[in-house]
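As a plain string of letters, each chain reads:
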Amino acid sequence: MKEIFNAAAVAPLLALVLLSGCESPERSAPTEAEKPSLRFRPDGTFVLVHFTDVQDDQDIDPRTVRLIEAVLDEHRPDLVVFTGDNVREGPETPADVRRAVDGFTGPVESRGISWAVTFGNHDEDHTPVTGMDEPALLDHYMSFPHNLNRPSPPGVHGTGNGHVLVLGSQGDAPAFNVWLLDSGRYVPDTIVAQSVEGDGLRTYDWIRPSQVAWYAATSLALEERWGRKIPALMFFHIPLPEFALLWEHGENHGVTGEKNENVAAGAFNSGLFGAVMDRGDVAGIFVGHDHVNDFTGDYFGVRLGYSANVGFGTYGLAGNDKDRLRGARVFRIREDDPRAFETFMVYARDYGIR
């Protein structure tokens, strides 16, 4: 990879946390000094909670809020990641959008927990009405005291691509990393002047080459800076094609969990999984998007997995089972062996929420 990617070109992109100095209409963004940093606990543990597909509007379903609160109170995470489709159609003004955001971020902010988001295919459904697109949403997210997002590095496709380093329990060296990528929205009407209609291409967008190049170069720069690869998890919204292959050959990869709908991967495989294999730092890739899938397995040394959706205001299973898989994924990471992380789903039914 050294022959392909120039680590020096991305060195200015590196930071110990995702920070921002952007301004938001409703509040001043925290300064760099005010932003939280992440660190393993004194006992060498770190807890991360993954919520995905809130997919609601300014009148958020109260069961979604109760579920988020219950998971936070039981597992007391050090970091929360929301992987897209956080907001859907319904808001008619920017104020409505901010209310929608407040609905699912309020429980996290009020508990003083650090959090970050990635974007999904539905986060701009309201934009033709509200005028508030993903960059404007990102500005709003970054204005919260405990949010760790930052704008995408220059020249990298998408909104909010970044990473968050977690320091060791002692000292100032990173022990873990969390990658955040924007997996996009939908395929364009034409690609290289050719229509995609009738070609059988999937509906959804894909991780673009500039994102893959940025990840690989930044990963290499981190290794050169710290003298070792930094173990990591990676989060985004739309699954990679490898998720379907994992399920298809599940008996070889220790697959557990459920698959209740097709793996709705992006239209093209632009090589992110290959880059992850080459770099060897990412121990797991986790997504949302397909609300009623929650399977996970070890795909050639990288754990791939879904979190089933947390939002009650969007589709679930059929019939009486509709809300059975509403939930969140919990990660328990040990500083002495971050690659051997533990992960499991928790569900609304575990808390008596229906």
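The shown structure was predicted, so the numbers you read here are calculated from the model rather than taken from an experiment. (Residues numbered from 1 in each chain as written. Predicted model: local features only at pLDDT ≥ 70, side-chain atom pairs only at ≥ 80, totals over all residues. Heavy atoms only, no water.)

A. The overall build of the protein, seen in detail. Helix and strand counts for the protein come out as eight helices and 14 strands. Expressed as a percentage of the 354 residues in the protein, the buried residues total 57%. For the protein, the exposed surface amounts to about 13,900 Å²; the carbon and sulfur share of it is 49%. (Helix = DSSP H or I, 4+ residues; strand = E, 2+ residues; numbered from the N terminus. Buried < 20%, exposed > 50% of the residue type's maximum accessible area, 1.4 Å probe, protein only. Areas by Shrake-Rupley, 256 points an atom, 1.4 Å probe, with all protein chains shown as cover.)

B. Region of the structure containing the packing of helix α2 (residues 62–75) against helix α3 (residues 94–110). As a packed pair, α2 and α3 sit with axes 9 Å apart at the nearest point and diverge in direction by 20°. Regarding the angle of α2 to α3, the classification is roughly parallel. Judged by the twist between their axes, the crossing of α2 over α3 is right-handed. Two secondary-structure elements touch here, α2 through Val65, Ile68, Glu69 and Leu72 and α3 through Gly103, Phe104, Pro107 and Val108. Grouping the amino acids of the contact of α2 with α3 by side-chain chemistry returns six nonpolar, one polar and one charged. (Axes fitted to C-alpha atoms, helices over the stretch in contact; angles between N-to-C directions. Parallel < 35°, antiparallel > 145°, perpendicular 65-115°, else oblique. Left-handed = near helix turned anticlockwise from the far one by under 90°. Contact = heavy atoms within 4.5 Å. Nonpolar A, V, L, I, M, F, W, Y, C, P; charged D, E, K, R; others polar.)

C. Highlighting α2. Look at α2: 20 Å from first C-alpha to last across 14 residues, which is about the 20 Å you get at 1.5 Å a residue. Among the residues of α2, Thr64, Val65, Leu67, Ile68, Ala70, Val71, Leu72 and His75 are the ones counted as buried. Packed against the buried residues of α2 are β2 (45–51), β3 (79–83), α3, β13 (327–334) and β14 (342–347). Regarding α2, its N-cap is Asp61, as a side-chain oxygen of that residue lies 2.9 Å from the backbone nitrogen of Arg63 further along. Taken from the residues just after α2, Arg76 is the one with a positive phi, measuring 45°. (Expected span 1.5 Å × (residues − 1). Polar contact = N/O pair within 3.5 Å; in protein donor to acceptor, adjacent residues only side chain to side chain.)

D. Quick peek at the pattern of salt bridges. According to the stated counting rule, one finds 17 salt bridges in the structure shown. Among the salt bridges present, the one from Arg88 reaches Asp56, with a minimum N-O distance of 3.5 Å. Of this pair, Arg88 sits in the loop between β3 and α3 while Asp56 sits in the loop between β2 and α2, placing them 32 residues apart in sequence. With respect to burial, Arg88 and Asp56 carry one shared label: buried. Taken together, the shared-partner salt bridges connect Asp61, Arg63, Asp323 and Arg326 into one network. (Salt bridge = Lys/Arg side-chain N within 4 Å of Asp/Glu carboxyl O.)

E. Local environment of the pairing of strand β9 (residues 232–235). The alternating pattern of β9 places Ala232 and Met234 and Leu233 and Phe235 on opposite faces, both of which are buried. Where strand β6 (residues 174–180) and β9 come together, four bridges link them in parallel fashion. In the sheet register, Trp179 faces β9, and the bridge partner there is Met234. Here β9 runs beside strand β10 (residues 282–287); their pairing, made up of four bridges, is parallel. Within β10, the position partnered with Met234 by the bridge is Ile285. (Pairing = 2+ DSSP bridges.)

F. Quick look at the nonpolar core. Counting residues in each nonpolar core, the largest one holds 36 residues, and the members touching the most others are Phe51, Val80, Phe82, Phe104, Trp115 and Tyr141. Those elements giving two or more residues to this core turn out to be β2, α2, β3, α3, β4 (114–118), α5 (134–142) and β13. When residues no more than four places from it in sequence are discounted, the contact partners of Phe104 are Val54, Ile60, Ile68, Phe82, Asn86, Val87 and Tyr141. In this structure, Val212, Ala265, Ile285 and Tyr306 belong to the second largest nonpolar core, which totals 31 residues. (Core = buried A, V, L, I, M, F, W, Y, C linked by side-chain atoms within 4.5 Å.)

G. Fine view of the sheet that holds β2. Spatial strand order, β4-β3-β2-β13-β14: five strands in an open sheet with mixed pairing. Both edges of this open sheet fall to β4 and β14, since each of them pairs with a single strand only. Taken pair by pair, the neighbouring strands of this sheet meet at an average axis angle of 20°, ignoring direction. In terms of strand pairing, β3 meets β4 through five bridges, oriented parallel. Considered in β4, the bridge of Thr83 is made with Thr118. The strands that α2 touches are β2, β3, β13 and β14; relative to β2, the one it contacts most, it runs at about 170°.

H. Structural view of the side chain of Gln58. Relative to the assigned elements, Gln58 resides in the loop between β2 and α2. Overall, Gln58 belongs to the buried group, its relative accessible area being 16%. Beyond its immediate sequence surroundings of up to four residues, Gln58 is in contact with Gly90, Pro91, Asp96, Arg99 and Ala100.

I. Just the sheet that holds β10, in detail. Pairing is mixed across the open sheet formed by seven strands, whose spatial order is β1-β5-β6-β9-β10-β12-β11. Every interior strand has two partners, whereas the edge strands, β1 (38–39) and β11 (296–299), have only one. Running at roughly 170° to β6, helix α6 (residues 209–226) makes contact with β5 (162–167), β6, β9 and β10 of the sheet. Relative to β11, helix α7 (residues 241–248) is tilted by about 95°, and along the sheet it contacts β10, β11 and β12 (302–306).

Geometric values such as these leave the question of function open.
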